[in-house]
Amino acid sequence: MKKTVVVGLIKKYLLILLGCIIYSLGVALFLDVNKLASGGVTGIAIILNYLIDLPWLNTGIIIVIINVPLFVLGAVFFGKNFILSTIITTVVSSLLIELWNFVFITKLQITLIDDLLISALFGGALYGAGLGIIFRMGSTTGGTDIIIKILRKKFRYIRTGVISMVIDLIIVMLSAIIFRDVKLTCYTVISIVIFTVAFDWVLYGGNSAKLVYIITSDEKSKLICEGILKELDITATYVDGEGAYTGTEKRIILCAIKNFSYPKLRDIVKKIDPNAFTIVTSAKEIYGEGYKKHTDEDL
């Protein structure tokens, strides 16, 4: 049991580290250098770094300073374990931002991309993907992420990415006033949209699947189910039905399947009953064996 717990913790913090690396690269190499205040505490820090302009006060340090009072708020709502992982994540990601600045700009003197569109696309994607990994591991980078988790707890019907986007857009409007650059603001909005898509895809992508209804005869339904159980190693549910026009008895096979396995399911149905009436829809969240547990925390 202890070995399992230790392995789980190692895996968790390795994935958090991976998320921090991806997130910090997006901020340091694409967003910060182009004043794309993408939102959250990172966006606020980029704005403050521009306004204050002190040689010893960089974006990473400002992020840490802003986070201190928010850590206290997070500890009140989510407990010490959450806040411990958040502090570790925040410190590591902030240090990595400074490390990339030092390595790529100061030491290697690499000319960073100054194309705003490329920076908005790649910066938003890396920022969102990295933060999505961190959220999946039950941590945050502090700042508005803590506020987002509190709001998600209150408004469970709103996706995390949507709450984040609303907060980010408010910060973007602030950046538009500070930087007084409509073009920069437009590219910042693009980076936020890309961030939201990447963030939600990483955060919820593993829980989504296809929900398939296969309407066929009783005899062929058994053959199709045999193929599903044997070749796809997933389960299915029978539902009895009746054709409204013909009045004949029908058997409906209901199953949830991962997106990458769906083509194989389609081949099975096509081979056994090419005339089967099949309905395919998206299932954003699935709870049960092979998917999320009912006891899992809402992301």
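Residues numbered from 1 in each chain as written. Predicted model: local features only at pLDDT ≥ 70, side-chain atom pairs only at ≥ 80, totals over all residues. Heavy atoms only, no water.

## As for the packing of aromatic side chains
Evaluation of the coordinates by the stated rule reveals 8 aromatic pairs. An angle of 45° between the planes, with centres 5.2 Å apart, marks the rings of Tyr-23 and Tyr-127 as tilted. Here the residue Tyr-23 occupies a position in helix α1 (residues 2-31), and Tyr-127 occupies one in helix α5 (residues 116-136), the gap between them amounting to 104 residues. Take Tyr-23 and Tyr-127: they sit in the same class, and that class is buried. Residues Phe-78 and Phe-82 carry aromatic rings whose centres are separated by 4.8 Å and whose planes lie at 55° to one another, so their mutual orientation is tilted. With relative accessibility at 8%, the residue Phe-82 sits in the buried group. These aromatic residues form a ring-pair network of at least three members: Tyr-23, Tyr-127, Phe-135, Phe-195 and Phe-199. Taking the ring centre of Phe-78 as reference, the NZ or CZ of Lys-149 above it sits at 6.0 Å. (Phe/Tyr/Trp six-rings, centres within 6.5 Å; stacked < 30°, edge-to-face > 60°. Helix = DSSP H or I, 4+ residues; strand = E, 2+ residues; numbered from the N terminus. Buried < 20%, exposed > 50% of the residue type's maximum accessible area, 1.4 Å probe, protein only. Lys NZ or Arg CZ within 6 Å of the ring centre and 35° of its normal.)

## Digging into the pattern of salt bridges
The full count for this structure, using the stated rule, is 4 salt bridges. Asp-218 is paired through a salt bridge with Lys-222; the nearest N and O atoms lie 3.8 Å apart. Placement of the pair is Asp-218 and Lys-222 together in helix α9 (residues 218-232), with a separation of 4 residues, close to one helical turn. Residue class for Asp-218 comes out partly exposed when judged on its relative accessible area of 36%. Asp-240 is paired through a salt bridge with Arg-251; the nearest N and O atoms lie 3.2 Å apart. With Asp-240 in strand β2 (residues 237-242) and Arg-251 in strand β3 (residues 249-257), this residue pair connects regions lying 11 residues apart in the sequence. Residues joined in a network through salt bridges with shared partners are Asp-218, Lys-222, Asp-240 and Arg-251. (Salt bridge = Lys/Arg side-chain N within 4 Å of Asp/Glu carboxyl O.)

## Looking at helix α7 (residues 160-179)
End to end, α7 covers 28 Å across 20 residues, agreeing with the expected 28 Å (1.5 Å per residue, within 8%). Looking at α7, one finds that the buried residues are Thr-160, Gly-161, Ile-163, Ser-164, Ile-167, Asp-168, Ile-171, Val-172, Ser-175 and Phe-179. On its buried side, α7 packs onto α2 (40-52), α5, α6 (144-154) and α8 (182-204). Of the residues flanking the end of α7, it is Arg-180, one or two places downstream, whose phi is positive at about 50°. (Expected span 1.5 Å × (residues − 1). Contact = heavy atoms within 4.5 Å.)

## Topic: the sheet that holds strand β4 (residues 277-283)
The strand order across the open sheet formed by 4 strands is β2-β3-β1-β4, and the pairing between neighbours is antiparallel. Two strands close off the open sheet at either side, each with one partner strand: β2 and β4. Here the average twist between neighbouring strands, direction ignored, is 20°. Pairing geometry for strand β1 (residues 209-216) and β4, over 7 bridges, is antiparallel. Across the sheet, residue Tyr-213 finds its bridge partner in β4, namely Ile-279. Running over the sheet, α9 touches β1, β2 and β3 and is turned about 15° from β3. Contacting β1, β3 and β4, helix α10 (residues 262-272) crosses the sheet at an angle of about 5° to β1. (Pairing = 2+ DSSP bridges. Axes fitted to C-alpha atoms, helices over the stretch in contact; angles between N-to-C directions.)

## Observations concerning a nonpolar patch on the surface
Judged by side-chain polarity, Ile-113, Leu-117, Ile-118, Leu-121, Phe-122 and Ile-190 come together as a nonpolar surface patch covering roughly 460 Å² of accessible area. Looking at the nonpolar patch, the element that brings in the most residues is α5, giving 4 residues. Looking at the element boundaries, Leu-121 is found in helix α5. A relative accessible area of 35% places Leu-121 in the partly exposed class. (Patch = residues over 30% accessible without salt bridge, like charges linked within 9 Å, V, L, I, M, F, W, Y side chains within 5 Å. Areas by Shrake-Rupley, 256 points an atom, 1.4 Å probe, with all protein chains shown as cover.)

## Remarks on the pairing of β3
Of the pairings in the sheet, the one linking β1 to β3 comprises 7 bridges and is antiparallel in character. Bridging across to β3, Thr-216 finds its partner in Arg-251. Across 6 bridges, the pairing between β2 and β3 is antiparallel. Counterpart to Thr-237 in the pairing with β3 is Leu-254. Hairpin connection of β2 to β3: 6 residues between the antiparallel strands, including Gly-247 at a positive phi of 75°.

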